[in-house]
Each structure stands twice: as C-alpha cells, then as structure tokens.
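So the chains spell out like this:
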Amino acid sequence: MKELNEQDKATMEIAKLRSRIGKIILLFVVILAIKQVSPNNFFSWQNDFVSQNIAVVLDEQFVYEPIFFDSLDIKDGLHIPSGMIADTGVAEVVQNCGACHSLDLVKQNKATREGWKEKIVWMQQTQKLWDLGMQEDIILTYLAKNYGPENSGRRKNLENIEWYRL
Amino acid sequence: MSNKNSSRRKFITKSALAAFATMLGSKIVFGENMPEGVAPIGLEDIGSGDVVPGKSKELIVLGNQPWNAETPPHLLDDEITPADLFFVRNNGLPPEKFDLEKWTLTIDGESANQSKTFTLKELYTTFKHYTYNITIECAGNGRAEFNPSASGQQWQLGAVGCCKWTGVRLKDVLNAVGVKNDAVYIGYYGADLHLSKDPTKVVISRGVSIKKAMEDETLLAWGMNDTTIPIMNGYPLRLVCGGWPASVSGKWLTRISVRNKVHDGEKMLGQAYRMPKYPVQPGAIVPDEDFEIIESLPIKSLITYPKTGALVTKGNSLVVKGHAWAGDLSVSAVHVSIDFGVTWKLCELSDAVNRFAWQRFTSKIELPEKGYYEIWARATDSNGKSQPMVIPGWNPKGYLNNACHRIAVKQM
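**Q** Looking at this structure, I do not really get the overall build of chain A. What am I missing?
**A** Within chain A, the regular secondary structure consists of seven helices and six strands. For chain A, the sequential pattern of α-helices and β-strands runs α-α-β-α-β-β-β-β-α-α-α-α-β. Taking all 166 residues of chain A together, 20% fall into the buried category. Taking all contacts inside chain A whose residues are at least 6 apart in sequence as the whole, residues at least 24 apart take part in 52%.

Next comes the structure, spelled out in structure tokens:
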C-alpha cells in the first residue's frame, strides 16, 4: 500500500511536470498567435515565409533576434518573394516597410545608416509609421549594408545597352 | 496591346461613355478609348502587380503601392504622348469609385469671394472649352543620376510626356466665383487616399501662384488625347498646369482653395518640391529655411529616335529625332554631338503648337568610322540657358536634373 502510494506520488509528479510543460507550450502558442495577428504583421502572405523565433518571445531580457526567413526563398542572393537582397533583417524590412508602400521604393534608394534613419523619422512624423522598437536597429543595419551609397561620379557610363541592328 | 480583355473593355468603355454622354451632353467624344485594364468602377486590384492598370506593359514600373511608372525615351517619339504610355506619378491610392453625377469641384478659400461648388456637367456646360498640347514633367525626373543618391522615386528619363488636354480655363472658373485682390496662391485637393488608409490624411495638396493659375493654358481638364483621362492620371478631373513640376497639376480634383498666402498644403512645406536657394556641395545637409519652391522647370530634351543601342551599317546616315521643352519659356535651339561634346551640330527645330507643347528636333548625322559613339542632345531656352553635359547642381531631394540625354550607337 505504502509502496503503491510512493509510486502514485511519482506518477503524479510526472503528470504535474507534463502538465506544466503543456501549459508552457500552450503559452508559447498563444504568444506566437498574438504576435502573428499584431498590426505590424497582419499580412498573411508574409507569414507564409516568415517563421518567428520562439526564443525571442521567451527571453526575459528580450534581446532582439532577427526573424528567420525560409532559405528556399533565396535565389542568387535575393529573397524572391520580396525581391530584396537576402540578408539578416530582410524579413523586418518586408514586414514594416512593405506594410504601407511598395518595396520597390526601398530597393531603388541608396543611403547611409543616417540617411535611412532620417527617412524613418520622416515617415514616423508625417506618414503614420509606427515605432519600430527593437527592430529598428536591425532594419538600419540591413539597409545601410545592402542599400548603402555608391559613388557614381559626376556622370556614369551608359550601361545595360541592348544592341540591335537598326 | 493585347486584346485579352477586349470584351470587358468594350463593356466598360460603353458604360463610361454613356455616363459621360448623359452627364455632359451629346457633343462629347471622349470616353470611347478607355484603355485596356481600366475599370472605372473599382474592378481592379490597384495595389499589386507589375503592369500599371490602364497602362502599357512597356512602362518601367518603379513601384506599385503607390503606382509609379515611367516611359522609356524611345516610346516618347509621338508628337502627342499616347495615354497608355504617359507616365504615372502617384503619391497615394487613386479613388476606386467614380460617380460622375456626384463628382464636384468646390472653389473656396480666404481669397475667394464665395464658396461655390460645380458639378462636372456645370463645368462642361458653363465655360468655354480649350484644348492644348501641354508637356508635364515630374520635378524629380532624372533623380536616379544624382550622386550621392537623393531619396525618393528613382526616376531615370521618362517621367515626362506631352498630351493633348481638354477642359476649361481655371481663370474662367475663378473669375466666375470671384477672386479678392489679396489672392496669392491656389491650392488643390484631390480624392486620392493616403497610403496609411487614413481617410483624414491629405495625400498631396500643392498649387501655384495666382498669376500662374490665371494663365490661359492652366486648365481644369477632363479630356486627354480626345478621350477621358486614364484613372492613374487623374480621371475624371485634374488640373493641368504646364512648365512647373507635375505635382502642381492635381489629380482626381475635388477642391481648389484661393489662398491669401503661399499655400501650405501637404508637400508644399519643408523640402518637398523645393531647391536650396544657393548652390550646395554634394551631400550637404541644408536647413529647411534655405529652400525655395520650384516654379518653372529648366530647359530639357530627350532623344526619342533611335532607341539607344542601335547598330548602324557603314555608309548609312542616321536620322536623330526628339523633343525639347523649357518650363515657362520656349526652346530656341537644340544641338547634337557624336563626339562627347567636342563639336555640336545645330538641329532643325519646330515651333511649339501652343505654349508648353514640346518642340520637335531632328538632325541627320554621319558616323565617320567604325566604333562606339554616344549621341548627346543639348537644348537651349529662349533666355540662352542650355542643358549641362554632366549632372547639374546636387540637391538633397534630387530635383531638376536636366543633364543632356545620351544614347549609345555603334557603327559596324
């Protein structure tokens, strides 16, 4: 009888542990679900290729870690669904910048980190862009690195000429 | 253009034409050539895709939210730019529903004698109609060439076109309403929606001095190239004001305020459509108070024939054609060079059919020997100012690049 009780206790402890783990997993799912429908990323097409990093949600220090994106979407260094250069931060740019305007507007521009920061501040002051929070740093790093200035001199050579017989 | 949507186009065309005819009188002819893909009653998804609704697939699309697209120079060879080739510069989202019976234009403001609202039919039947060929160019056309890069839509060469615009003179309408002596400026408002989808936010509200507004060629236009204006270009009513940045020619027009001060609407202030008052070093940070509003655009030209990349056989001469335009002024001469600006040849130049119409230049050139050439075109305005061969004064927002156009050719 006593031994059985010991066994029961052990079984109950395991059950409790399982229940706790279940609750924690449930919590993860709920947090994840909330994150998925939050205003910044309500575009369902983005969720097709963006998977959230659960560790970010759980970390009490909340050190921001970049959003993963599916490596199958990368071809020739480009993130194919968005056409942007595939690098850490591309998902944040797609989610935040692409929410209001065409990403072509980002792609065709070139600026330093300070230049990109200025554009963000301008959009926040006049165009209803939200606070980018912890994502701002990674967005600026991505933009300055991949869409940074280039020196084209006083005038470039004519490029991309398609020759044809007149 | 393909005809894949021709049956639906016919349906749309008929109903659009019928609506206009009912509304605006039997004489009306526009409405019959509504381009393929345009649905005036909101059938199109206007926020996606890589061909602008109602526009040629040949346009170079800079973005689809908002839609911005420019014309390759060789497709601008027509005297009157075809509607489906005319560039698109949107700041917000065009309206999706158009009820022509309910569409109105209100004239108001501190310097208007009264606030008065006109239906389209009233505008059409009350005032005399005028038609002009008017060149419209985005002030940021050519921005892509600035170094360091200037922020904004990276227009290359083709944010310009010259269409045949029909409407009533703004001055006739303003005079009918009554304008006070202290009037300084007009400011327009349109029916487009801000990208944030906030209906209370004004997308763009610019304007011109009262003097410019009162010019004969400043129109409230409903017609473009003898038909209605494409939705992307401001259907059913827009301002057309030649010589100044295209952004003063407000689209989907609903209101014009007569102001007793320089209009302070969206994109009138700060650095928008403004240049530094003095030349600045490339990359300089310029305080807002040192900017001034851009008015007349500088002298410019485009080579529209041949298309860049032509391989020419030895012994054949080459005809070069294009257009030149000069803001509020006229074009007095165009020269072309085949030796990187060492020598210049004077072109034949036609007169403008009316003020603000672009002027045709042509020249026959001989390439002396086998090799790579660039043909450069350089126009001069009626004040003697010419286009620079390198990129002109850098400015933070990248406006007014009127550097001469270059095309590449080879003699085989």
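**Q** What am I meant to see in the sheet that holds strand β16 (residues 300-305) of chain B here?
**A** Sheets are built from strands paired through backbone hydrogen bonds, the pairs being either parallel or antiparallel. All names here are of chain B. With respect to topology, four strands assemble into an open sheet ordered β16-β18-β22-β21, the strand pairing being antiparallel. Sheet topology places β16 and β21 (348-349) at the edges, where each strand pairs with a single neighbour. Of the strand pairs in this sheet, strand β18 (residues 318-325) and strand β22 (residues 359-365) are connected by seven bridges, and their pairing is antiparallel. If you follow Gly 322 over to β22, its bridge partner there is Phe 361.

**Q** How do you make sense of helix α4 (residues 90-97) of chain A when you look at a structure like this?
**A** Three- or four-residue spacings in an α-helix give side chains the same orientation, since the helix completes a turn every 3.6 residues. Summarising burial for α4(A): eight of the eight residues are buried, a large majority. Along α4(A), the residues that are buried comprise A:Val90, A:Ala91, A:Glu92, A:Val93, A:Val94, A:Gln95, A:Asn96 and A:Cys97.

**Q** Explanation requested: the environment of B:Glu289 in the structure shown.
**A** All names here are of chain B. On the secondary structure map, Glu 289 appears in the loop between β14 (274-276) and β15 (291-293). Taking the number of C-beta atoms within 10 Å as the measure of exposure, Glu 289 has 7 and is therefore exposed. Between the C-alpha atoms of Glu 289 and Leu 269, which are 20 residues apart in sequence, the distance is 9.8 Å.

**Q** What should I look at first to understand the interface of chain B and chain A in this one?
**A** Interfaces are often sized by the amount of accessible area the parts lose when they come together. Chain B puts 27 residues into the contact, and the matching count from chain A is 26 residues. In terms of residue class, the side of chain B that touches chain A is built from 12 nonpolar, 11 polar and four charged. Of the strand pairs in this sheet, strand β6 (residues 164-165) of chain A and strand β17 (residues 310-312) of chain B are connected by two bridges, and their pairing is parallel. For A:Tyr164, the partnering residue across the bridge sits in β17(B) and is B:Ala310.

**Q** What exactly am I supposed to notice about the sheet that holds strand β4 (residues 104-108) of chain B here?
**A** Residue and element names in this part refer to chain B. If you trace the five strands from one edge of the open sheet to the other, you get β5-β4-β13-β8-β9, paired in mixed fashion. Lying at the two open borders of the sheet, with one neighbouring strand each, are β5 (116-119) and β9 (207-209). Mean inter-strand twist for the sheet, computed between neighbouring axes without regard to direction, equals 15°. Inspection of the sheet shows strand β8 (residues 185-190) paired to β9 by three bridges, in the antiparallel sense.

**Q** When you look at the nonpolar core in this model, what are you seeing that I'm missing?
**A** The nonpolar side chains of a soluble globular protein tend to be buried with one another. Counting residues in hydrophobic clusters, the biggest one holds 100 residues, and the most contacted among them are B:Ile134, B:Trp165, B:Leu220, B:Ala221 and B:Ile375. If you count residues domain by domain, this core takes at least three from each of domain 1 (104-139 + 160-293) and domain 2 (300-411) of chain B. Apart from residues no more than four positions distant in its own chain, B:Ile134 is found in contact with B:Cys162, B:Cys163, B:Trp165, B:Glu217, B:Val240, B:Gly242, B:Phe356 and B:Ala357. Of all hydrophobic cores here, the second largest spans 18 residues; its members include A:Ile138, A:Leu140, A:Tyr142 and A:Leu143.

**Q** How should I be thinking about the pairing of β8(B) in this particular structure?
**A** Looking along a regular strand, one sees the side chains alternate between the two faces of the sheet. Residue and element names in this part refer to chain B. Of all six residues that make up β8, six are buried, and the element is covered over most of its length. Alternating positions in β8 separate into two faces, Tyr 185, Gly 187 and Tyr 189 on one and Ile 186, Tyr 188 and Gly 190 on the other, with burial throughout. As paired elements, β8 and strand β13 (residues 253-259) share six bridges and run antiparallel to each other. Paired with Tyr 189 across the bridge in β13 is Arg 255.

**Q** Would you mind showing me how to read unusual backbone geometry here?
**A** What is expected of a backbone is that most residues other than glycine have negative phi and most peptide bonds are trans. Residues and elements named next belong to chain B. Cis geometry marks the peptide bond from Asn 147 to Pro 148; its omega dihedral reads 0°. For the bond running from Tyr 235 to Pro 236, omega is 5°, close enough to zero to count as cis. With respect to the secondary-structure elements, Pro 236 resides in the loop between β11 (227-228) and β12 (238-240). One non-glycine residue, Phe 356, adopts positive backbone phi at about 80°. If you trace the backbone, Phe 356 turns up in the loop between β21 and β22. Owing to 26 C-beta atoms within 10 Å, Phe 356 belongs among the buried residues under this scheme.

**Q** What should I look at first to understand the packing of helix α6 (residues 113-126) of chain A against helix α7 (residues 135-146) of chain A in this one?
**A** What describes two packed helices is the angle between their axes and the distance between those same axes. Residues and elements named next belong to chain A. Following both chains from N to C, one finds α6 and α7 inclined at 130°, their axes separated by 8 Å at the closest point. Between α6 and α7, the interaxial angle falls into the category oblique. Considering how the two elements wind past one another, α6 and α7 form a crossing that is right-handed. Between α6 and α7, the contacting residues are Arg 113, Trp 116 and Lys 117 on the first element and Leu 140, Leu 143 and Ala 144 on the second. The residue inventory of the contact of α6 with α7, partitioned by class, reads four nonpolar, no polar and two charged.

**Q** So what exactly am I meant to see when it comes to the domain arrangement of chain B here?
**A** Residue and element names in this part refer to chain B. Looking at chain B, the domain boundaries give domain 1 (104-139 + 160-293) and domain 2 (300-411). In this complex, domain 1 contributes 16 residues to the contact, which on the side of domain 2 involves 17 residues. If you list the elements that add at least two residues to the side of domain 1 that touches domain 2, you get β6 (129-137) and β14. A total of four residues in the side of domain 1 that touches domain 2 trace back to one element, the largest contributor, which is β6. Within the side of domain 1 that touches domain 2, the residues separate by chemical class into 10 nonpolar, five polar and one charged.

**Q** Please clarify how the confidence of the model for chain B should be interpreted in this entry.
**A** Atomic detail in the predicted coordinates should be set aside for any region of low pLDDT. All names here are of chain B. In the predicted model, chain B carries a mean pLDDT of 90, and 88% of its residues have values of at least 70. This stretch, residues 25-47, has a pLDDT under 50; its non-local contacts, to residues over four places away or in other chains, come to 61 contacts. On the interface metric, ipTM, the complex scores 0.84, and its pTM is 0.80.

**Q** What is the right way to read the pairing of β13(B) from this model?
**A** All names here are of chain B. Burial analysis of β13 places five of its seven residues in the buried class, the great majority of the element. As judged from the three bridges shared by β4 and β13, these two strands associate in the parallel manner. Looking at β13, one finds that Asp 108 is bridged to Ser 257.

**Q** Can you walk me through the packing of α4(A) against α7(A) in this structure?
**A** Residue and element names in this part refer to chain A. In the contact formed by α4 and α7, the axes pass within 9 Å of each other and the chain directions differ by 110°. Judged on the interaxial angle alone, α7 and α4 are roughly perpendicular. Residues Val 90, Glu 92, Val 93 and Asn 96 of α4 pack against Gln 135, Ile 138, Ile 139, Tyr 142 and Leu 143 of α7. Grouping the amino acids of the contact of α4 with α7 by side-chain chemistry returns six nonpolar, two polar and one charged.

The rules behind each value
Residues numbered from 1 in each chain as written. Chains lettered and ligands numbered in written order. Predicted model: local features only at pLDDT ≥ 70, side-chain atom pairs only at ≥ 80, totals over all residues. Helix = DSSP H or I, 4+ residues; strand = E, 2+ residues; numbered from the N terminus. Buried ≥ 20, exposed ≤ 12 C-beta atoms within 10 Å, placed from the backbone. Contact = placed C-beta atoms within 7 Å. Pairing = 2+ DSSP bridges. Nonpolar A, V, L, I, M, F, W, Y, C, P; charged D, E, K, R; others polar. Axes fitted to C-alpha atoms, helices over the stretch in contact; angles between N-to-C directions. Core = buried A, V, L, I, M, F, W, Y, C linked by C-beta atoms within 7 Å. Domains from an automatic or database assignment. Parallel < 35°, antiparallel > 145°, perpendicular 65-115°, else oblique. Left-handed = near helix turned anticlockwise from the far one by under 90°. pLDDT = per-residue confidence, 0-100.

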